[in-house]
Each structure stands twice: as structure tokens, then as C-alpha cells.
Amino acid sequence: MAEIKVEGLSKEFGVGEDRVVALENVNLDVGGHVFVSIVGPSGCGKSTLLNILSGIETPSSGKVTITQDNHDAEPGYVFQAARLLPWRSVMDNLLFVQKDRSDETKARCQKYLEMVQLGDKVDKYPGELSGGMQQRVGIARAFSIEPDVLFMDEPFSHLDAITARSLRRELHEMWSQTKKTVLFVTHDVGEAVELSNRILVFAKGGKLEDDLQIDLPFPRDPAEDAVAVAKAQVLRKFEELDLIAS
Amino acid sequence: MATTLEQQAPGPRSAEEERLLALRKKEIRDRWIWRLAGYVFFLLAWALVSRIVGDNLIPGPLRIARTIPELIESGRFFSSFGATLTRIGIGFGLAFLIGIVIGVLTQSRWWNGFFRDAVTISLVSPSLIWALTGLVIWGFEPQGWIFAIVMTTFAVVTVNVAEGIRALPKDLTDMSRAFGVTNWRRQRDIVFPFLAPFVFTALRFGFSVGWKVTVLTEVFSSNEGIGFEMRVASQLFRMDELFAWAISFFIFALVLEKLVLQRYERKFFRWRAEAST
């Protein structure tokens, strides 16, 4: 079982008057087959936390351990923009992050491309695909390495509402099938409620303010009363924490 | 299964697609017509000037068309071209390697400071300075023309490569780091393909500068090659031969551009063409 442990994590950028605190003394424990959303206003350190967890950035202080059955866990990452290599085909983009190019690996990549409904686009270049399709390739790429944990940084924020909704459903289905631990950054409370078991609320200054459990059955339809009520409760929590004003 | 609004089954072309296809064909046809018109115009203008000034001073296109086969028959044509091409190959090949190494090094601010003015000087200096310096120091020895070609062309390569490295896409390198991609694979799949257009530009401009300086060095310090032949022709007032060498040179440069550089460019950057269609 994958486990993410964050202890006393802080991150600062700049020095002197330019010093900005992105994260302040964050403690966190996430594990198992859970979908955890991180929400909060712009500049609250959501993406910085994911960048530190995935090794793109280093913390100023504190400790991060990501383990799978007491070994180092392998993370996958889905970015805000798809970040595909424009000069490589869809299949080669998936193969780029694999450890080998064996037939077995190719078959696995093909399987995940089919899961995001792009099984017939393996030879296309990213520039030939729409934004939604490119993001699907990004999702397939992250799943194709069969990671122990999956970090997702506002992956649907650049997409139109209809495409984003369709991708949310696909993502949820993949998460249910593969039983990964997912950490999902979003600024959209409705999206967080629709997808997550748990919502971590961050405030400006990088403080983890609240840890909410969403105990509703999946799949969740945003039009359902229970989902709308849960969303209203989260937004009320935002108001209590004065996050909407900030 | 989720609904995918973006995916459509391939079917017969729509009227809009047919219209765009017809427009594209027309554009290609028009471009060729204008290109041919350009050639016809300049050939006629050349023939006219030749008639006005006199065939002995400026030989017309028909006379040059007869002189080139004569040069080929004499055996001098291919030996001279071969000599010049060998020089360009060696000189520019060396300049290309040096240019790339310095281009990569200039990412460090210390090395950037070290090479900065040398690169600027190389870019702005007339190639004649290096050709004459090489002649004075080494005479007709190969070091003379190698020196002149390297000094004139390495900076073109350096500037382009440095520009490319400065623009390396951080989002892609961060992505590769997040997925634990090895450094070698990162170089092969991100850095090299990204730098390829910059290297092509360096190759194209560097080669065009290299041609000029190579011929120039042959005029001064050689007893073979196109530059040498042009010098002899001008000294003996054989204007038809002088023009024949020059025109052959133009044709070769055009063929190189169209058949070699552009073809490889299309092959390397197929992904761009696919995306734009």
C-alpha cells in the first residue's frame, strides 16, 4: 500500500524583502486507495507541494517520504498543460517515460491509451490532437508507468467544461480500476467534491487549514442533491476560513 | 464508457475541406508560376545587359550554357569543384564542431564572458582579414585556409546553438525529472530534437558564409579550386569562364539547399508539417 508522509514541510522562495513563504509547517499522512484533493486560493502552495513530492523542487525544511510496502514508491505526474514532446508520436511520448521498450511495455502503453479512448491515435503527433486529447495522453502517460501514487496538478483547468467533465469521469473510472493513491490539486471545489474521498484545504501562506472527509458513494453526479450539499459545505468552510475573501 | 465529443469517424471530405484543398493547390501552383517568372525575367535581363554592354565583357546566358560543358569536358570542372568542396568540408566541419562546443560552454557565465567578444569579433570581421592573415602566416599551406574558414564561421554556429540552449523548454525537462527519466534519454529525446532547428539554421548560414570565404582564400592562396580558376579566368580576361564558374557555383548552392538541406529538414521536422495540416 502506498503511503505519503509529510512532516514539518516548509518552502520559501527569495531572500530578504523578496522572501515568499509558499508552504509553512505542513504535516500530512495519505495512504491506500484514496483520492485526495488539495484546494485553496491561488498562491497557497498547492502546486509547490506537488512539485516537492515529485522531486521537481526541494523543500526548505521538513521531511517527505513516499513509500510502497516499505520501499520507495514510484510516482506518476499529470501536469496542468499536457507537457508532451511535440516531435514524438503519442506512443513515443508514453515510451519516453518507461524503463524499457519491450513488447510488454508497448502493450501496456496501448492499454492505457485505449482506456483514454486514444487507441487509434498512437502514431499521431501531439500537434495533431485537440487540447482535450493531449491531456488524455498526459493522463495515459502517468498511468502507463503503473505508479504507486499519482500527482495531478489542475489537469483539467485549461479545458472547456464539457471535455473536462468527460475526462473527470474517465479519470475516476481509471482510479477505481487501478486503485492508486491520487493527490489532485484543483481550484474548483465542485471538481474536488465530485472526485475525492478527502479534501485538504490550504490557505494563503501555505498553511494546511483543514482536512475534510467526503463520505458519498461513487460515481457522483454534480447535479445530485447530496453532491451539491457537500459542495456547499466545503464552500462554507472556505468562508469560515476567510479564504474566499483572500 | 464516457462520451468523446472530439473523436469523429473518418469519412468523405466535407465541402469545406475540398475548398481548403483546392485553395492549397492553387497556392502551390501560383508559387511555382512566380518562381519561374522570376527565372525568365532575370535570364532575359541578363541577355539584354549582355547585348547592350557587349558579349566580351558580360557574356550572355547562351554562351555560358556552352562554356560549362566545355569546362566539364576539359576535366577541370570536377577537379576544381572537388578541391573547393574538400576545403569547405574540412574547414566548415571543424568550425561547426568548435562552434557547437563554444555554444554549449557559453551557458556558463564565466565561459560566456571568456568567449563573448571573440564571438562578436568573428561575426563582424570581414573574412578578407582572416584570409590575408592565413596567407601571410602559412602561405599556400592548408592551415591558412582552415584558419580563415574557422575564424569566419564558428561564431555563426556558436550564436545559434547558444540561443537554442537558452530557450530549452523547462516544462519538458521538469516533466522528465518528475518521471525519473535518465539524463541520456533526456538529452536524446528533449535537448537534441529541440536544438535541431537551431543547428539547421547554424548549418545553413555557416555553410553560406563558409562558401564565400573558401572561394576567397582560393583566390589568394591556392593553385586549385573554383576561386583559383576564377582568378586565372579574370587575369586572362576569359569572361565566359569567369561567369561559367560563378553560375555553376550558384547552381550547386541551390541544388544543395533544395535537394539536401530542405529534404533533411522536412524529414527531421515532419512533426511540424503534420501538426500544421
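All of the points below concern the structure found in this document. Keep in mind the model is a prediction, meaning the values are calculated, not measured. Note that residues are indexed from 1 along each chain, following the sequence as it is written. To read the labels, note that chains go from A and ligands from 1, taken in the order they are written. Whole-chain, interface and lining totals are the exception, using all residues; otherwise, since this is a predicted model, local features are given only for residues with pLDDT of at least 70 and side-chain atom pairs are given and counted only at 80 or more. Excluding hydrogens and water, the side-chain figures rest on all heavy atoms present in the structure.

**Focus on the interface of chain A and chain B**
Quoted interface sizes are often the accessible area lost when the parts come together. Put simply, the rule is: Any two residues whose heavy atoms approach within 4.5 Å are treated as being in contact. Accessible area that two parts lose when put together, evaluated with a 1.4 Å probe and summed over both, is termed the buried area. A carboxyl oxygen of Asp or Glu within 4 Å of a side-chain nitrogen of Lys or Arg is what we treat as a salt bridge. Polar contacts here mean pairs of N or O atoms no more than 3.5 Å apart (in protein, one a potential hydrogen donor and the other a potential acceptor; neighbouring residues in sequence count only if both atoms are side-chain atoms). The helix and strand labels rest on DSSP assignments: H or I over at least four residues marks a helix, E over at least two residues marks a strand, and numbering proceeds from the N terminus. Three residue categories are used. Nonpolar comprises Ala, Val, Leu, Ile, Met, Phe, Trp, Tyr, Cys and Pro, charged comprises Asp, Glu, Lys and Arg, and polar comprises the others, including Gly.
Tallying the contact residues gives 35 residues for chain A and 25 residues for chain B. Area buried by chain A at its contact with chain B is led by A:Trp87, A:Phe96 and A:Gln117, which between them contribute 27% of it. Our enumeration of links across chain A and chain B arrives at one salt bridge. A salt bridge links A:Arg88 to B:Asp189; its shortest N-O distance comes to 2.9 Å. One can count six residue pairs in polar contact (both at pLDDT 80 or more) joining chain A with chain B. Taken together, the elements giving at least two residues each to the side of chain A that touches chain B come down to strand 6 (75-78), helix 2 (90-96), helix 4 (131-144) and helix 5 (161-178) of chain A. For the side of chain A that touches chain B, the leading source of residues is helix 4 of chain A, giving five residues. Looking at the side of chain A that touches chain B residue by residue, the classes come out as 17 nonpolar, nine polar and nine charged.

**Considerations on the pairing of strand 6 of chain A**
Residues and elements named next belong to chain A. Test applied: Burial classification: accessible surface area is computed with a 1.4 Å probe over protein chains only, and a residue below 20% of its type maximum counts as buried, one above 50% as exposed, and the rest as partly exposed. By definition, two strands form a pair when at least two bridges between them are found by DSSP.
The alternating pattern of strand 6 places Pro75 and Tyr77 on one face and Gly76 and Val78 on the opposite face, and all of these are buried. Looking at chain direction, strand 6 and strand 7 (residues 149-153) are connected through four bridges and run parallel. Paired with Val78 across the bridge in strand 7 is Met152.

**Re the packing of aromatic side chains**
Residue and element names in this part refer to chain B. This is how the line gets drawn: Each pair of aromatic rings taken from Phe, Tyr and Trp, with Trp reduced to its six-membered ring, is defined by centres within 6.5 Å and is described as stacked if the planes are under 30 degrees apart, edge-to-face if over 60, and tilted in the remaining cases.
For the coordinates displayed, the defined rule picks out 27 aromatic pairs over all chains. Residues Phe77 and Phe81 carry aromatic rings whose centres are separated by 5.0 Å and whose planes lie at 40 degrees to one another, so their mutual orientation is tilted. Of the two residues, Phe77 and Phe81 both sit in helix 3 (residues 76-105), four residues apart, roughly one turn of that helix. Across the pair, exposure class does not vary: Phe77 and Phe81 are buried alike. Measuring from ring centre to ring centre gives 5.8 Å for Phe194 and Phe198, while their planes differ by 40 degrees; the resulting arrangement is tilted.

**Examining the sheet that holds strand 6 of chain A**
Residue and element names in this part refer to chain A. Here is the rule we go by: Lines fitted to C-alpha atoms define the axes here, with helix axes fitted over just the stretch in contact, and angles between the N-to-C directions of these axes take values from 0 to 180 degrees.
Ordered in space as 6-7-8-3-9-10, the six strands form an open sheet in which the pairing is mixed. Where the open sheet ends on each side, the last strands, each with one partner, are strand 6 and strand 10 (207-213). Mean inter-strand twist for the sheet, computed between neighbouring axes without regard to direction, equals 20 degrees. The pairing of strand 3 (residues 35-39) with strand 9 (residues 198-203) spans four bridges and is parallel. Bridge assignment links Ile38 to a residue of strand 9, and that residue is Leu200. Those strands touched by helix 4 are strand 6 and strand 7, and its axis lies near 175 degrees from that of strand 6.

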